[in-house]
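What follows is each chain in one-letter form.
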Amino acid sequence: MTDQLICVGAIAGAFGTTGEVRLKSFCADPADIGDYGPLSSEDGTQTFDLTVGRVVKGGFAARIKGVRYRDQADALKGIRLYVSRDVLPGLPDDEFYVSDLIGLTVFDTGGAKIGRVKAVQDFGAGDILEVSRPGESDVMLPFTNDAIPTVDISGGRLIADPPDGAF
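It should be emphasised that the depicted structure is a prediction, and the values quoted were computed from it without experimental measurement. (Residues numbered from 1 in each chain as written. Predicted model: local features only at pLDDT ≥ 70, side-chain atom pairs only at ≥ 80, totals over all residues. Heavy atoms only, no water.)

**Quick look at the overall build of the protein**
Part 1: Counting its regular elements, the protein contains two helices and 13 strands.
Part 2: Considered along the principal axes of its C-alpha atoms, the protein spans approximately 60 × 30 × 25 Å.
Part 3: Expressed as a percentage of its 167 residues, the buried residues of the protein come to 37%.
Part 4: Sequence separation of 24 or more characterises 48% of the internal contacts of the protein that already satisfy a separation of 6 or more.
Part 5: Surface exposure of the protein reaches about 9,700 Å², of which carbon and sulfur atoms provide 49%.
Part 6: Between the averaged position of the 16 positive side-chain charges in the protein and that of its 25 negative side-chain charges there is a distance of 10 Å. (Helix = DSSP H or I, 4+ residues; strand = E, 2+ residues; numbered from the N terminus. Buried < 20%, exposed > 50% of the residue type's maximum accessible area, 1.4 Å probe, protein only. Contact = heavy atoms within 4.5 Å. Areas by Shrake-Rupley, 256 points an atom, 1.4 Å probe, with all protein chains shown as cover. Lys, Arg positive; Asp, Glu negative; His and termini not counted. Charge placed at Lys NZ, Arg CZ, Asp CG, Glu CD.)

If you want it as structure tokens, here you go:
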């Protein structure tokens with residue numbers, strides 16, 4: 001796990017005319033994105049030494065070393081920013097990084113396999129697990145204690161008690 005990258009934010013485009021970018025943070029405390037040192041692109045071919053500035057609509061205004069003009073900032077739009085898991089703080093037992101959940105096998109409370117976590121979505125009302133099921137359509141389960149009473153990262157599984165009508 002020492003080389004695992006975790007997505008901590010994304011560049012949403014240029015902000016202003018002097019090379020600042022609008023930065024969207026995925027950190028629990030959004031301002032922490034500036035505390036992890038240089039960030040990289042997913043493939044590691046680009047690194048971004050950034051300074052987080054003021055809060056703006058949709059995130060933060062930030063400066064990236066070497067970016068001085070609006071067209072340079074616009075060219076970075078959509079790049080997701082990653083950091084090595086090693087530099088992130090440890091989490092309490094009841095918290096998880098999204099990347100820890102992807103790929104977990106999902107079982108119902110009776111022990112029957114439902115599928116695998118394909119993605120974690122957040123449409124604004126809380127996290128939702130997208131579970132892929134072989135030969136069937138994907139299902140969305142709310143990531144709440146009621147619907148997902150057990151998460152066993154080390155065992156590679158979670159137990160789901162889906163709400164009525166989920167299947």
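This is not the end of the story, as more comes after the structure.
**Examining the sheet that holds strand β12 (residues 150-152)**
Part 1: If you walk across this open sheet you meet the six strands as β11-β10-β9-β8-β13-β12, and the pairing is mixed. Edge positions in the sheet fall to β11 (139-142) and β12, since each of these pairs with one other strand and no more. Neighbouring strand axes in the sheet, compared pairwise and without regard to direction, differ in orientation by 35° on average. (Pairing = 2+ DSSP bridges. Axes fitted to C-alpha atoms, helices over the stretch in contact; angles between N-to-C directions.)

**Remarks on the nonpolar core**
Part 1: By size, the foremost hydrophobic cluster in this structure holds 23 residues, and its most contacted members are Ile-11, Leu-23, Leu-39, Ile-64 and Leu-81.
Part 2: Going through the elements one at a time, β1 (5-15), β2 (20-25), β6 (59-64) and β7 (80-84) are the ones with two or more residues in this core.
Part 3: For this core, the element with the highest residue contribution is β1, accounting for four residues.
Part 4: Not counting residues up to four positions away in its chain, the partners in contact with Leu-23 are Ala-10, Ile-11, Ile-33, Leu-50, Val-52, Gly-58, Gly-59, Phe-60, Ala-62 and Leu-81.
Part 5: Ile-114, Val-120, Val-139 and Leu-141 belong to the second largest nonpolar core, which has 14 residues in total. (Core = buried A, V, L, I, M, F, W, Y, C linked by side-chain atoms within 4.5 Å.)

**Some remarks on the layout of surface pockets**
Part 1: If you add up the space inside the largest pocket, you get close to 1,200 Å³.
Part 2: In terms of lining residues, the largest pocket is bounded by 35 residues, among which Phe-26, Phe-96, Tyr-97, Val-98 and Asp-127 are the most central.
Part 3: Counting only elements with at least two residues in the lining of the largest pocket, the list comes to β1, β2, β7, α2 (98-101) and β9 (113-122).
Part 4: A total of four residues in the lining of the largest pocket trace back to one element, the largest contributor, which is β1.
Part 5: Classifying every residue of the lining of the largest pocket by side-chain character gives 21 nonpolar, five polar and nine charged. (1 Å grid on protein atoms, 1.4 Å probe; cavity = no way out; pocket = protein on both sides within 12 Å on 5 of 7 lines; lining within 4 Å. Points joined across faces, edges and corners; volume = space filled by probe spheres on them. Nonpolar A, V, L, I, M, F, W, Y, C, P; charged D, E, K, R; others polar.)

**Overview of the pattern of salt bridges**
Part 1: Taken as a whole and assessed by the stated rule, the structure comprises seven salt bridges.
Part 2: With a shortest N-O distance of 3.8 Å, Arg-70 and Asp-74 are connected by a salt bridge. Of this pair, Arg-70 and Asp-74 both sit in helix α1 (residues 70-75), four residues apart, which is roughly one turn of the helix.
Part 3: The partner of Lys-118 in a salt bridge is Glu-130, and the shortest N-O contact between them spans 3.7 Å. Of the two residues, Lys-118 sits in strand β9 while Glu-130 sits in strand β10 (residues 127-132), which places them twelve residues apart along the sequence. (Salt bridge = Lys/Arg side-chain N within 4 Å of Asp/Glu carboxyl O.)

**Thoughts on the side chain of Glu-130**
Part 1: Exposure remark for Glu-130: the relative accessible area of 14% places this residue in the buried category.
Part 2: Within polar-contact distance, the side chain of Glu-130 engages the side chain of Gln-121 at 3.1 Å.
Part 3: If we ignore the near neighbours within four places in the chain, the residues touching Glu-130 are Arg-116, Val-117, Lys-118, Ala-119, Gln-121, Asp-138, Val-139 and Met-140. (Polar contact = N/O pair within 3.5 Å; in protein donor to acceptor, adjacent residues only side chain to side chain.)

It is worth stressing that arrangement in space is one thing and function is another; only the former is reported here.
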